[in-house]
Amino acid sequence: MVVKTGADVLVETLIRCGVRKVFGVPGGPLLALLDRLHHEPDLEFVLARHEEGAVFMAEGYAQTSGRLGVACVTSGPGAMHALTATASATSDGVPLLLLSGQPPVARFGQGALQDSSGGNWSADVVETLRSATKMSTLVTDVRQLAFMATRAIGAATAPVPGASHLSCATDVLTAPASAAPPRFVPVVSPMRVAADEVQTLAQALQRARHPVVLAGQGAKLARAHDPLLAVAERLSLPVATTLKGKSVFPERHALSLGVFGMYGASHTAHDSLLTDEVDLLLVLGSSLGEVATAGWDRRLIASRTIWQVDADVRQLGRGMPIDHALHCDVRALLEDLLACALPQIPARTAPPAPHTPVPLTPAEALKGSQVAAILDHRLPRDTLLFVDNGNALCWIGEHYRSGDGREMYCSLNVGCMGYALPAAIGARVARPDRPVLAVMGDAAFAMTCSEIHTAVQEGIPSAWLVFNNQGNAMVANLQELMYERVTGSMYSHPIDAAAVARGFGARAITVRDAPTLESALDEVFKATATGSVPYLLDVYVDPYEMGWSLRARAESLAGGS
């Protein structure tokens, strides 16, 4: 007779909740779980090279699929390595479950290898991760396991999603488990506001002379693309997005203003939102933090009525003062607005200036802005694009137009470098039917490039593009603005990213001019659409080119505001 164990209970709970992939790095306390995964055809384990990379893979998987991402790591350093990426998932509202191991309960505090149970004798990973998650708990009794796993998944997938952490002692995973009735995670309906509040907003939008929308990450998480477009077209509302909200509104549309904020912003968005003519600003799913407001630029809220909509009550009025707060799901609110029988309002102002592309074939060395423009010109219309922190955000935000099928993802607030490369692997696992590309600087590439080997071994045809500008160029740009000199930021010996990728078993192309880049992109997307080998483009760009919106970051740092 086969005896059910805690590992069986955990795996069955994951499968019942729709989980089909687990990304992770093995370790002693997890062996019972890994062995159980080996015998489970409905749940695949993807072996990562570093715990941070495993969690970023799970994050990319969740961002593009809308399903729960799951990562598992061992105790002690495994869980601590996962901290930054887990905090990123919570900050960006991504549903994610982190599973970590622990030594047997009876050995807590007795010097067990990688003990991280706390008690002043070791690191306490449950407490450490509590500040980075919606829920972090330790399971010490197999009878708690199904209940606590269900609670953790429920917290991660709630209307305000984020990461949860469940730490399981080894003897919990190996202990006999009773055949208790299965527990299910309840599905919670999106939050809505009262009909009179919706009507009040509808009337305010109709009366306003020059209303503008600023859509953020919360709008994208709510999958508000279609109702946002419908409301904007009905009421002739110009729409800007934050960088995290990019792709929630089609940027080729006549009402699109592009990105507003500190990184990757367009002149059109800044000129349109900061003009004195604006009398109503509707903020959809943005906390109005530093990046989204170009360093808390007070002109964004001056002499106008501010409406802020967010499913997370903690974000309302958090970044800047507001006049009206609506605590609800962004998509639900927009659908309710459409149900108000809104009149068709003609254009209230002249349309924004048309997009002016940068030259695609420069005579001199490639610039990051030109690479982004080439990507805008050449990438398939259904591309899932992942962008790492650094100057890549500036170029993509301003010069790459998303929406209409193109989706763009980044990891801000926590602002961790090294996100895009592994996140794109997770996205490709989730959406093998879509072209996936990650773009990053060479400094971000250096932080998680070992995950290229994960894609090679697993046969995941990911594609990556490195803006190779020989160091931490965004930091160097800020130093130049603030101190008129650059120290400790740039590399004296550049990284040959193409050689590194080949060393891990991927294909790679070195690019130094526009024609080579265009032909290389065609080759990469053809190869990754039909094959199983990942591809990297190592694109050398001018390290001195500076995004104009980066100056707001320098002013914010210098002023300490």
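Here the structure is shown first, and the text comes after it.
## Some points on the overall build of the chain
Then, number 1: Counting its regular elements, the chain contains 22 helices and 18 strands.
Then, number 2: For 561 residues, the compact-globule estimate of 2.2 N^0.38 gives 24 Å, and the chain sits close to it at 24 Å.
Then, number 3: Principal axes of the C-alpha set define a box for the chain whose edges measure 75 × 60 × 45 Å.
Then, number 4: Taking all 561 residues of the chain together, 58% fall into the buried category.

## Notes on the sheet that holds strand β2 (residues 44–47)
Whether parallel or antiparallel, the strands of a sheet pair through hydrogen bonds between backbone atoms.
Then, number 1: The parallel open sheet is built from six strands, whose spatial order is β2-β1-β3-β4-β6-β5. The open sheet terminates on both sides in strands that have one partner only, identified here as β2 and β5 (135–139). With direction set aside, neighbouring strand axes in the sheet form an average angle of 20°.
Then, number 2: Here strand β4 (residues 96–102) runs beside strand β6 (residues 163–169); their pairing, made up of seven bridges, is parallel. Across the sheet, residue Leu97 finds its bridge partner in β6, namely Ser164.
Then, number 3: Sheet strands in contact with helix α7 (residues 142–156) are β4, β5 and β6, and its direction is about 170° off that of β5.

## Quick look at helix α18 (residues 451–458)
Then, number 1: Of all the residues in α18, the buried ones are Glu451, Ile452, Thr454 and Ala455. End-on, the buried residues of α18 take up no more than an arc of 155°, which puts them together on one face.

## Notes on the sheet that holds strand β9 (residues 256–259)
Then, number 1: Spatially, six strands are ordered β9-β8-β7-β10-β11-β12 in an open sheet, and the strand pairing comes out parallel. Since the sheet does not close on itself, it has two edges, and those belong to β9 and β12 (324–327), each with one partner. Put simply, the sheet's adjacent strands are angled 15° from each other on average, direction ignored.
Then, number 2: Pairing between strand β10 (residues 280–284) and strand β11 (residues 305–310): five bridges, direction parallel. Directly across from Val283, in β11, lies its bridge partner Gln308.

## Considerations on the environment of Ala292
Then, number 1: Secondary-structure assignment places Ala292 in the loop between β10 and β11.
Then, number 2: In this structure Ala292 comes out as buried when scored by relative accessible area, which is 12%.
Then, number 3: Separated by 50 residues in the primary sequence, Ala292 and Thr242 place their C-alpha atoms 5.3 Å from one another.

## A word on the pattern of salt bridges
Then, number 1: Counted by the stated rule, this structure contains 22 salt bridges.
Then, number 2: The partner of Asp433 in a salt bridge is Arg431, with the nearest N and O atoms 2.9 Å apart.
Then, number 3: A relative accessible area of 51% places Asp433 in the exposed class.
Then, number 4: A relative accessible area of 23% means that Arg431 is categorised as partly exposed.

## Observations concerning the packing of helix α11 (residues 225–235) against helix α13 (residues 330–338)
The description of two packed helices rests on the angle between their axes and on the distance between the axes.
Then, number 1: Close contact between α11 and α13 brings their axes to 9 Å; oriented N to C, the two are set at 40°. Classed by the angle they form, the pair α11 and α13 counts as oblique. Regarding α11 and α13, the two cross each other, and that crossing is left-handed. Side by side, α11 and α13 meet where Pro227, Leu228, Ala230 and Val231 of the first sit next to Arg331, Leu334, Glu335, Leu337 and Leu338 of the second.
Then, number 2: When its residues are assigned to classes, the contact of α11 with α13 shows seven nonpolar, no polar and two charged.

## Quick look at the packing of helix α16 (residues 420–430) against α18
Then, number 1: The contact between α16 and α18 brings their axes to 9 Å, and the two run at 20°. Our classification of the angle between α16 and α18 gives roughly parallel. Crossing angle aside, the handedness with which α16 passes α18 is left-handed. Where α16 abuts α18, its residues Leu421, Pro422 and Ile425 lie against Glu451, Ile452 and Ala455.

## Section: the nonpolar core
Then, number 1: Ranked by size, the top nonpolar core spans 53 residues in total, and within it Phe386, Phe445, Ile452, Trp464 and Leu536 carry the most contacts.
Then, number 2: Broken down by element, this core gets its largest block of residues, eight residues, from α16.
Then, number 3: The residues contacting Leu536, other than those within four sequence positions of it, are Phe445, Ile452, Trp464, Val466, Ala497, Ala498, Ala501, Arg507, Ala508 and Ile509.
Then, number 4: Counting residues in each nonpolar core, the second largest holds 42 residues, with Met408, Phe467, Ala520 and Tyr535 among its members.

## A few points about the state of the cysteines
Then, number 1: Here the structure, examined in full by the defined rule, presents zero disulfides.
Then, number 2: Free of any disulfide, Cys72 has its nearest neighbouring cysteine sulfur in Cys168, separated by 11 Å.
Then, number 3: By relative accessible area, which is 3% here, Cys168 ends up buried.

## Side note on unusual backbone geometry
Then, number 1: The phi dihedral of Arg223 falls on the positive side, at around 55°, and the residue is not glycine.
Then, number 2: Tracing the backbone through its elements, the reader meets Arg223 in the loop between α10 (217–221) and α11.
Then, number 3: We note that Ala294 has phi near 55°; this positive angle belongs to a residue other than glycine.
Then, number 4: Its location among the elements puts Ala294 in the loop between β10 and β11.

## A few points about the packing of aromatic side chains
Ring pairs (aromatic) are described by centroid distance and by the angle formed between their planes.
Then, number 1: Applying the stated rule across the entire model yields four aromatic pairs.
Then, number 2: When the centroid spacing of 5.3 Å and the interplanar angle of 25° are considered together, the rings of Phe386 and Tyr409 count as stacked. Placement of the pair is Phe386 in strand β13 (residues 384–387) and Tyr409 in strand β14 (residues 407–410), with a sequence separation of 23 residues. A single burial state applies to Phe386 and to Tyr409, both of which are buried.
Then, number 3: Measuring from ring centre to ring centre gives 6.2 Å for Phe386 and Tyr419, while their planes differ by 50°; the resulting arrangement is tilted. One end of the pair, Phe386, is in strand β13; the other, Tyr419, is in the loop between β14 and α16, with 33 residues separating them in the sequence. Like Tyr419, Phe386 is buried.
Then, number 4: A network of ring pairs unites the aromatic residues Phe56, Phe386, Tyr409 and Tyr419 as a single cluster.

## Thoughts on the environment of Arg318
Then, number 1: Looking at where Arg318 falls in the secondary structure, it is placed in the loop between β11 and β12.
Then, number 2: Given a relative accessible area of 56%, Arg318 falls into the exposed group.
Then, number 3: In this structure the C-alpha to C-alpha distance between Arg318 and Arg331, which are 13 residues apart in sequence, comes to 21 Å.
Then, number 4: Of note is the side chain of Arg318, whose polar atom sits 2.7 Å from the side chain of Gln315.

The rules behind each value
Residues numbered from 1 in each chain as written. Predicted model: local features only at pLDDT ≥ 70, side-chain atom pairs only at ≥ 80, totals over all residues. Heavy atoms only, no water. Helix = DSSP H or I, 4+ residues; strand = E, 2+ residues; numbered from the N terminus. Rg over C-alpha atoms; globule rule 2.2 N^0.38 Å. Buried < 20%, exposed > 50% of the residue type's maximum accessible area, 1.4 Å probe, protein only. Pairing = 2+ DSSP bridges. Axes fitted to C-alpha atoms, helices over the stretch in contact; angles between N-to-C directions. Contact = heavy atoms within 4.5 Å. Arc of directions from axis to C-beta. Salt bridge = Lys/Arg side-chain N within 4 Å of Asp/Glu carboxyl O. Parallel < 35°, antiparallel > 145°, perpendicular 65-115°, else oblique. Left-handed = near helix turned anticlockwise from the far one by under 90°. Nonpolar A, V, L, I, M, F, W, Y, C, P; charged D, E, K, R; others polar. Core = buried A, V, L, I, M, F, W, Y, C linked by side-chain atoms within 4.5 Å. Disulfide = S-S within 2.5 Å. Phe/Tyr/Trp six-rings, centres within 6.5 Å; stacked < 30°, edge-to-face > 60°. Polar contact = N/O pair within 3.5 Å; in protein donor to acceptor, adjacent residues only side chain to side chain.

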